[in-house]
Each structure stands twice: as structure tokens, then as C-alpha cells.
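Survey of secondary and tertiary structure
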Amino acid sequence: MGLWMLLLLHLHLGNAHWGEATGISLSAPSSVSISSINLEHTLSFQPGPQTPSDAQFMVEVVRSRKQLWKPVPACVALRAGQTCDLTRAFKDPFDHYVARVQAFTATQRSSWTVSDSFLPLSDTVIGPPDIAVSGCGNCLILHLTLPEVLASEHLKDSHTDLVFHVRRTRDGAEFTLHMPYSEETVISYLQTGVEYCVTASVKPHFSKAIPSEAQCAFTSPPPRNSLYMLVVLLGAFCALVFLLMALVAYGSRLTFSVLKTRLPKSLSYVILYRRGSAPPGLSP
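The sections below set out a description of the structure shown in this document. (Residues numbered from 1 in each chain as written. Predicted model: local features only at pLDDT ≥ 70, side-chain atom pairs only at ≥ 80, totals over all residues. Heavy atoms only, no water.)

**Here we look at the overall build of the protein**
Of regular secondary structure, the protein possesses four helices and 16 strands. Considering only contacts in the protein between residues 6 or more positions apart, those separated by 24 or more positions represent 61%. (Helix = DSSP H or I, 4+ residues; strand = E, 2+ residues; numbered from the N terminus. Contact = heavy atoms within 4.5 Å.)

**Observations concerning the sheet that holds strand S16 (residues 215-218)**
Judged by pairing direction, the sheet is antiparallel, and its four strands sit side by side in the order S12-S11-S14-S16 without closing on themselves. Since the sheet does not close on itself, it has two edges, and those belong to strand S12 (174-180) and S16, each with one partner. Pairs of neighbouring strands in the sheet enclose a mean axial angle of 25°, with direction left out of account. Where strand S11 (residues 161-168) and strand S14 (residues 195-203) come together, eight bridges link them in antiparallel fashion. The partner of His165 across the bridge, within S14, is Thr199. (Pairing = 2+ DSSP bridges. Axes fitted to C-alpha atoms, helices over the stretch in contact; angles between N-to-C directions.)

**Brief notes about a nonpolar patch on the surface**
A grouping of Leu234, Phe237, Val241 and Met245 is seen on the molecular surface, where their side chains present a nonpolar patch of about 410 Å² in accessible area. The topology assignment puts Met245 in helix H3 (residues 226-262). (Patch = residues over 30% accessible without salt bridge, like charges linked within 9 Å, V, L, I, M, F, W, Y side chains within 5 Å. Areas by Shrake-Rupley, 256 points an atom, 1.4 Å probe, with all protein chains shown as cover. Salt bridge = Lys/Arg side-chain N within 4 Å of Asp/Glu carboxyl O.)

**Looking at the pairing of S11**
The pairing of S11 with S12 spans seven bridges and is antiparallel. Its bridge partner being in S12, Asp161 is matched across the sheet by Pro180. Between S11 and S12, which pair antiparallel and follow one another directly, the connecting turn spans five residues, one of which, Gly172, has a positive phi of 80°.

**Description of the environment of Asp85**
Within the fold, Asp85 resides in strand S5 (residues 84-85). Residue classification places Asp85 among the exposed residues on the basis of a relative accessible area of 52%. Not counting residues up to four positions away in its chain, the partners in contact with Asp85 are His41, Val72 and Cys75. Only 2.7 Å separates the side chain of Asp85 from the side chain of Thr87, close enough to count as a polar contact. (Buried < 20%, exposed > 50% of the residue type's maximum accessible area, 1.4 Å probe, protein only. Polar contact = N/O pair within 3.5 Å; in protein donor to acceptor, adjacent residues only side chain to side chain.)

**A look at the side chain of Asp92**
With respect to the element layout, Asp92 can be found in the loop between S5 and strand S6 (97-104). A polar contact is formed between the side chain of Asp92 and the side chain of Arg65, at a distance of 3.0 Å. With near-sequence residues (within four places) excluded, Asp92 lies in contact with Arg63, Arg65, Tyr97 and Pro120.

**Considering a positive patch on the surface**
On the surface, Lys66, Lys70, Arg88 and Lys91 cluster together to form a positively charged patch. Within the secondary structure, Arg88 is located in the loop between S5 and S6. (Lys, Arg positive; Asp, Glu negative; His and termini not counted. Charge placed at Lys NZ, Arg CZ, Asp CG, Glu CD.)

**Remarks on the sheet that holds S6**
The strands making up a sheet are joined through hydrogen bonds of the backbone, oriented either antiparallel or parallel. Strand order in the open sheet made by the four strands is S4-S3-S6-S7, with antiparallel pairing throughout. Two strands lie at the open edges of the sheet, namely strand S4 (70-71) and strand S7 (113-114), each paired on one side alone. As paired elements, S6 and S7 share two bridges and run antiparallel to each other. Across the sheet, Val101 pairs through a bridge with Thr113, a residue of S7.

**A short note on the side chain of Thr185**
You can see Thr185 is positioned in strand S13 (residues 184-187). The exposure class of Thr185 is buried, given its relative accessible area of 4%. Excluding anything up to four places from it in sequence, Thr185 contacts Leu140, Ile141, Leu142, Leu144, Phe164 and Met179.

**Quick look at the pairing of strand S9 (residues 130-135)**
Alignment of S9 against strand S10 (residues 140-145), held across six bridges, turns out to be antiparallel. In the sheet register, Val133 faces S10, and the bridge partner there is Leu142. What sits between S9 and S10 in their antiparallel hairpin is a turn of four residues, with Gly137 showing a positive phi close to 95°.

**What about the state of the cysteines?**
Taken as a whole, this structure holds three disulfides when the rule is applied. The disulfide bridge from Cys136 ends at Cys139, spanning 1.8 Å between sulfur atoms. On the basis of relative accessibility, which here comes to 27%, the residue Cys136 falls in the partly exposed class. In the protein, the bonded cysteines, taken in the order they occur along the sequence, pair up as 1-2, 3-4, 5-6. (Disulfide = S-S within 2.5 Å.)

In C-alpha cells, the structure reads:
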């Protein structure tokens, strides 16, 4: 690694001497950086101060094992605001690379601006897996699909772990699980009828990773709303009370009708007399 740093210092000094010899007059590009997701590498930069609008930009790369600058064919005449795809230029994910950018016009050019050293395998970011969640009583079933890059020639034999972040929606209680990759994973010992949200991310041994968006599901069908159940029970109780009152009223009328029909005539007279009406022939 020490030899690699000496090479970078030599390149910087060489650029400075080259600039003095050619009479550089354009400002050098700034903010040269390399970003990478799923081993797809992109270089970005900003034009230097007072760079003319007709200026173009050239990108070259060098690798530690060959130490020879090579132009990137698709990035020899970039305009301000454009980026450079370095995916093909960085063929070996286990090697260190450096890129540099220069501004030029028909009559002028700038000094080179050099990026930081870049190791594709460790500096890339692995994207999130696809995840689907469903309930299974007191557990969750997770169906997972890894990013395609993990099936590439360089990574297909690597051991991949997954990190699951589980949060209970009801109260925010959460925990984290580290598990080896499987197309179907079960998270057990959860509460029944409760909703959980799960995020998943790849845990490679060589780079960083982006977690998936949270996917939520109930472990089993959720219980009905308690207020809804209270209304249903209250309605049933009121209907039962109304039915009992109707039966009592109907029973009273039926009893009086039977008594009136079957009692002896003399007893009927007594009842009528007590109610304030005398039978015919008994009026005073």
C-alpha cells in the first residue's frame, strides 16, 4: 500500500511539472469523486472557477498493478454536468484504481484533478433485497430475492448474511436478527394477531449495504375493533330486552282473554263490578 501512495504522489508532481511546461491557463476541475452501487461505478466532478462554457473534460484511469494512465473511451469529451461510467474501466474488483479529470478547449487545458483511491469490492454499496412478508400464526414468513450483483462471477461464491430489523407497530418495540440467506425465512415466537414491520439488508463481508423499505404484515388476522364489538353486543342486548317486553305484554293480554272466557258468570260479574260496571239487571 506504501508503494501505491508513492505512485499517487509521483503522479501529482508529474502533473504540476507538465502544467508548467505547457502553460496551463484553465482552472482545474474540482469535487472529483467516485460513487458505486452494485458494482456500477460513476465518476462526477465540477468545473473549476471561470471555466468557459465551451470547455470539455477528459477522464483517465490507472490501476495499481499496471501504473499506466488510460483514457476512458466514453469519457474523452464530456461537458459540464455530465458523469463518467467507470464500470468497464474498473474490471478487477480486487484492484485499486484512481481516476483523474482535465478540462480543455481547442487552445487551452487545465491541470489534472485526481480522485481518491478506489477499491471496487469494498467501496461499492450493495442495494436492498426484494422482500415480501406474510403471517403464519405466531410468526412471519419472509420471501427474499437478493440483488443480481451477488450472483456475478466475482461474488457468487461469497457467503452472504442478512440483517432483519423487526418493529412491532403497536408500541414500537423492535429487535434485530442476523441470519444466513435463504429464499424463505421464518421469524418465530411473535405475538398472534399483531402487526410487525420488517426491513432487510444484505450483510456482505466486503462492503456496505442499503436496507429495504419496511414491509408490514399481521402474524394472524387481527381481532375486531373493541368499539365495534361493544356496539354489536349493546345492540343485541337491546333487541333481547325489547323481545322480552313484547312477550310480557302479549302474555298479559292472552291471560286476561282466557280468564274472561273460562271464569263462571258470577265471578265475571264480580270482576266487572269491581271495575265499576254492573251487569244488566243488577243496577241499583
